[in-house]
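Examination of the molecular architecture
So you can see what is in the structure, the chains are spelled out below.
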Amino acid sequence: MDISKLSSRPHLLELNRVERLYTGGQLLDRWQGLEVKGDSTESEEFIASTVKYIGPKKDVIDDGISRTKLEDGSYINLQELIKLDKNAMLGEKYSFACEDGQMGVLARVGDSLVRLVVQVHPTAEKAQKYLNYPVGKSEAWYIVDTREIDGEHPYLYAGFKKGITKKIWQDIFYRQDTQEMLNCMHRIEVNKGDVILIDSGMPHAMGAGCLFLEVHEACDYTIRVEKNYAVRKLSDDELHYGAGFEAMFDMFNYKTYTTEEIREKVIMKRKVIEKTDTAMLFKAIDYNDTDRFKMSLLVLNGQYLLPQFDGHYIIITTKGNIKFKFADGEMTAPQGRGIFVPADCRELKAEGNGEILIAYPFNT
């Protein structure tokens, strides 16, 4: 196996559908050009991931870790690929900062027929303290598509309203008053093309009707507070992974926001970085917004040389089938697929008519 060749080219990642508590998937099937089977609990795709899947489905390949097909027809998962040469795959400064075989940024995509469970993700400090896990999970959502469900405009919940305290939140939890949980947070309408940033510690719930592409840290821990969600009752372990209820409440950030403040906090504003005759590159999230990752959106109408980055990154083809040209070859990535780009892959060109999302790891 020629490791230098593997580290100098991008890797198209295989489809990797997983099961979640929430139902959906119809828009996801359509976006990825698959047979539309209708909505079910197979509502999410681990589109570019090096973390093991935590969920109800037991037969996911390689525990849900993304994999790629090699030239000889065999497959290798991303953790194994990275471990072949961490410096070449991740970049020297990331090979020391990332856990063994982990990327610094991941991506998944979900399609919500229903509202997702009320939840929060831990900060790195709380993940280490309560879950013995090295990183937390800040995340961003790019709304790829939407649909109205029962006549409702797509929406999400995020951030505590003014007046909400830890004591109030605990009391509502022990009463299991779901509507009051939702009333504690801001409800925000979302539209196709929106970019939403949710910091670790912020309570949230994606609403119904969204095909959301999620970029996040290398973590799959979701702390839930609804015991009776969807069609079954959740166990205590499914709420807090055995950390206990005191730890669960400590994983929330109890900062409160006005409506104007939460919209300013979570709804990102695009900014043009570069415009050419064949492409327009937008900033979606940068390191001033969060130091956990950054995101760009590239609209293509021809060919464009991707910006150089001192490390690895991932690409998701959000619109169109995009061709990628590199030092010793080229490949085409269908719409709705993920690509791992090693640190040693330079002079990568994208070509086609469509759009890609580029996600970079944390700021070192």
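Summarised in this report is the structure supplied together with it. Treat the numbers as computed from the prediction; the structure is a model and nothing was measured. (Residues numbered from 1 in each chain as written. Predicted model: local features only at pLDDT ≥ 70, side-chain atom pairs only at ≥ 80, totals over all residues. Heavy atoms only, no water.)

**Points about the overall build of the protein**
Counting its regular elements, the protein contains 11 helices and 25 strands. In terms of C-alpha radius of gyration, the protein reaches 20 Å, essentially the compact-globule figure of 21 Å for 364 residues. Its C-alpha atoms give the protein principal-axis dimensions of roughly 60 × 40 × 40 Å. Within the span of the protein, comprising 364 residues, buried residues form 56% of the whole. For the protein, restricting intrachain contacts to residue pairs at least 6 apart in sequence, the fraction spanning at least 24 positions comes to 73%. Roughly 15,200 Å² of accessible area belongs to the protein as shown, and the carbon and sulfur atoms make up 45% of that amount. Once the 47 positive and 56 negative side-chain charges of the protein are each reduced to a mean point, those two points are 2 Å apart. (Helix = DSSP H or I, 4+ residues; strand = E, 2+ residues; numbered from the N terminus. Rg over C-alpha atoms; globule rule 2.2 N^0.38 Å. Buried < 20%, exposed > 50% of the residue type's maximum accessible area, 1.4 Å probe, protein only. Contact = heavy atoms within 4.5 Å. Areas by Shrake-Rupley, 256 points an atom, 1.4 Å probe, with all protein chains shown as cover. Lys, Arg positive; Asp, Glu negative; His and termini not counted. Charge placed at Lys NZ, Arg CZ, Asp CG, Glu CD.)

**Side note on the sheet that holds strand S11 (residues 195-198)**
Judged by pairing direction, the sheet is antiparallel, and its 6 strands sit side by side in the order S2-S3-S6-S13-S8-S11 without closing on themselves. Either end of the sheet is taken by a strand with one partner, and the two such strands are strand S2 (17-18) and S11. Here strand S8 (residues 139-146) pairs with S11 via 4 bridges, running antiparallel. Bridge pairing links Trp-141 to Ile-196 in S11. (Pairing = 2+ DSSP bridges.)

**Here we look at the pattern of salt bridges**
Counted according to the given criterion, the structure contains 30 salt bridges. The shortest N-O distance in the salt bridge between Arg-115 and Glu-226 comes to 2.8 Å. Separated by 111 residues along the polypeptide, Arg-115 in the loop between strand S6 (106-112) and strand S7 (119-120) and Glu-226 in the loop between strand S14 (223-224) and strand S15 (228-229) bring together distant segments of the chain. When its relative accessible area of 16% is taken as the criterion, Arg-115 is described as buried. Across the salt bridge formed by Lys-126 and Asp-250, the nearest N and O atoms sit 3.6 Å from each other. You can see Lys-126 sitting in helix H6 (residues 124-131) and its partner Asp-250 sitting in helix H10 (residues 245-250), a full 124 residues away along the chain. Residues joined in a network through salt bridges with shared partners are Arg-20, Glu-44, Arg-108, Lys-137, Glu-139, Glu-214 and Asp-220. (Salt bridge = Lys/Arg side-chain N within 4 Å of Asp/Glu carboxyl O.)

**Some remarks on the layout of surface pockets**
When its volume is computed, the largest pocket comes out at roughly 380 Å³. As for the largest pocket, its lining consists of 27 residues, and the residues nearest its centre are Arg-20, Leu-21, Ile-54, Thr-222 and Arg-224. When contributions to the lining of the largest pocket are tallied by element, the ones reaching two or more residues are S8, strand S12 (204-206), strand S13 (210-216) and helix H9 (236-240). Across the lining of the largest pocket, the residue classes tally to 11 nonpolar, 5 polar and 11 charged. If you add up the space inside the second largest pocket, you get close to 300 Å³. Along the walls of the second largest pocket sit 15 residues, with Leu-6, Arg-9, Lys-69, Leu-70 and Glu-71 positioned nearest its centre. (1 Å grid on protein atoms, 1.4 Å probe; cavity = no way out; pocket = protein on both sides within 12 Å on 5 of 7 lines; lining within 4 Å. Points joined across faces, edges and corners; volume = space filled by probe spheres on them. Nonpolar A, V, L, I, M, F, W, Y, C, P; charged D, E, K, R; others polar.)

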